[in-house]
Structure formats: structure tokens, C-alpha cells
Amino acid sequence: MAHAVRRPTIPELTAEALRAGIRSGSWRRELPGVLRLAEELNVSKVTMRAALRLLEAEGVVAPEGPRGSRVVIGSRASKRSLARRVLVLFDRPESDMEPAERELILHLMQELRAADCECKLPPKSLMELQHQPEKILRYAGEVESDVWLVVGARKDVIETLRKSGRPVLSFCGGKVEGTPQIGKDMAAMVRESVRRFADLGHRKMVFILRERFQLPHSSVPREVLDELTRRGIPASAPYNTPVWAQQNGGLRSLLDEFFRVTPPTAIFVQNMKLLVALQLFLAERGVRVPADVSIICGYLDGECEIDLLPAHFRTDWKEVIRRAVQWVDGALRGHPTNECFLAQAQFHSGPSLGPAPADWMMGGYRGGDAFRENGGAVNRHGVSRKSGSAS
């Protein structure tokens, strides 16, 4: 004999409506009062009280305080439903990150979890996916998530990820019109560096940028060239903002070429790892800092409270992280914005910065010998080997 299907009662249906509101994030930590809830769900106060008692029995909510307010505490089932899924894609493996970058990412993850977010961290980084936009889109689509936070992605990757229909935040990465971006203001940083170098008489400047900040993926090189032009300094993209590969000895090949032909007197490196590599190269060549070449490091955050730091920039990452978590929370609530917040980095001078050497073309260091020996051809960086002028 078949058993009749029991229809849920009005309080049970109301309780399910409350559960749905909690799952969606409408009520994260505390429920409104009985009267307001009853009005919102169009039920009587008696029905609402009965529904709340059901949720209390399940451990989803609990009464708190003398006013009888109820806080969301979650049973095992409700905790799973409350987990707001955020896919976090990194530009490279953690093993390749600098300590300061790992510290930043750890802080970001902690703040997201404190905001009741479940962080989905897939095993592959954008680098391991060869920065191929469509490949990254397919990979990300296989992860169950509600919001995508992409760290350090190139512009073309962000443009493609928008096709998913999910809210996408570019964190310290490429800027795409109509897509939110939160990070630090690299454009302002390189403009300030050009001004600092130029004020000390430097005209041969090279900006060594990571791949996602190189042409054609970023407008940062254009900021360098425009600032040089405003200063009356000849500008050449291949020379001042070279494109180079981070793997397979790309940096050494780049530096070998520059110091073989037309040695720069001022170099901007984007982070600590590039700074260390540059210093080792200069030491091999007998190039003195800052007597022969001045250096500014663009990223020197974290625990670096020591003497003799090079000229560098520092960023207040707390505000950057707060803005990112705030955006994620709004997106999970169904209210994503197109916010663009770029923190201004503060410049700190140091012993790596000095005036341009007067005799840099006369062989004041080993690179000068090679410079005098070369003919007048233009190298692949667009620089005349004989005159030292940008073509």
C-alpha cells in the first residue's frame, strides 16, 4: 500500500526560505528581527517564530543577547552551504614567488577565509598553463566556484576569462575596460623612476619588467616612453622597455647585449629577484653601483628593515587586500562593481641611486671597452653602437 506524501507545513516552508537566504549570503552573521522577517517573507509573526525554532533546533541559528536576536552559527550542512566559493588563480607556482609575495598572498587568503569564503586553489598556475587564455578559461571552468580572483594575469587572459559570465577580479594584473582591477599603481611608479633618474642627469635608462608588464600586454612601457619624451630624452621601446623571456637565460642574454653595446647608466628592476640577479651580473662585470650605474627596485615590501637598502618603492598592501575582500564580498552577494583601485607606492631613496657618470662612454668600466670596439650598426634594441643614441 502506497504511503501518502506529507506536504511541508507553512513554518517548514518559511524555514527553508530562511535557509536559502543564509546560503545566498543575504544574512551572514545575524538575522533581522521577527517582525521584519515576517514582513519580508509575507508570513505571520507566529509562523516566523515557529520557523526560527526549527532553525535553532538544527543548529543553524542561535538566540543571542537580551533583545532575542539570532546569529547564524551553521550546522555541518549549513556550513557547507555558507561556503562562498572563490577561485584564486596565481600567475606562477608558489615556489617561484618571493617571500614578500608569498606573505601577501597568505594575508589575502586569511582575509578571504575570515569573510566566510571558501578559497579554491587549483594546482596549476597561469605560468604552468603557458598563459594561454583559452586553456586557462577551460581549466578554471572545471572548478566549482562563484567568483574568480586572478593574481597577476596578463590583459589577454583577463579579457578571455570574462567570457565565463562569472565576476572576475584582476588582482595586481592587467587592466581591461569594464573589469575591476585592484593592485598597485605601476604606471605612477615607473613615471616617478624616470623623473628620479632624469633629475640626476641620466639619459640611458632601461626598465626591466616582468612579462605581464611588457608590450603588448601592458600600457606600463608606454608610460615610461611618454615620460622620457616629456623630459626631452630620446625614447625607444626596444631599448628603454625591452621584451625578454624570464626563462632559459633570458635576463642574462638581455644584460649581455646591453653592456656589450651601449651600457645604460640607470636601471629599474621590478622586484627583489631581478635586483639580486642584476647585482650579480654587475659584480661579474666590475660595474660599480652607483658610480657607473644607478638602480631603483620597484618592489621591496615585506620584512626588509635593514640598512643599505637600494632605492625602492613600498606599498601599503593592507588597504589593497581590504579592497579586494570587499569586492569579493559584494560580488558573492550579487553586487559586483567595476572598481579600479591602484595603491600609490612610496619612494624611498638609497645608496644605489647617484648622478649619471660623466665618462660612461669613455670606458669608465669594462663595458666601455666593448662599446668603443663596436661599429656604428644599430643593435636589436634600436640603439646606435657608435653614437649611443636611440634610433
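(A) Summary view of the packing of aromatic side chains. On inspection of all chains with the given rule, the structure shows 6 aromatic pairs. Each ring, one from Phe207 and one from Phe268, has its centre 5.2 Å from the other, and the planes form 25°; the classification is stacked. You can see Phe207 sitting in strand E9 (residues 205–208) and its partner Phe268 sitting in strand E10 (residues 266–269), a full 61 residues away along the chain. Judged on exposure class, the residue Phe207 and its partner Phe268 are both buried.

(B) Highlighting the environment of Val71. Within the element layout of this structure, Val71 appears in strand E3 (residues 69–72). Looking at Val71, the relative accessible area reads 13%, which means it is buried. Taking the C-alpha atoms as reference points, Val71 and Glu30, separated by 41 residues in sequence, lie 4.1 Å from one another.

(C) Main features of the pattern of salt bridges. Summed over the entire model, instances satisfying the criterion amount to 31 salt bridges. The shortest N-O distance in the salt bridge between Arg84 and Asp329 comes to 3.0 Å. With Arg84 in strand E4 (residues 84–89) and Asp329 in helix H13 (residues 317–332), this residue pair connects regions lying 245 residues apart in the sequence. Per residue, the accessibility class of Arg84 equals that of Asp329, and both read buried. For Asp226, the salt bridge is made with Arg222, and the minimal N-O distance between the two is 3.8 Å.

Parameters at a glance
- Residues numbered from 1 in each chain as written.
- Predicted model: local features only at pLDDT ≥ 70, side-chain atom pairs only at ≥ 80, totals over all residues.
- Heavy atoms only, no water.
- Phe/Tyr/Trp six-rings, centres within 6.5 Å; stacked < 30°, edge-to-face > 60°.
- Helix = DSSP H or I, 4+ residues; strand = E, 2+ residues; numbered from the N terminus.
- Buried < 20%, exposed > 50% of the residue type's maximum accessible area, 1.4 Å probe, protein only.
- Salt bridge = Lys/Arg side-chain N within 4 Å of Asp/Glu carboxyl O.

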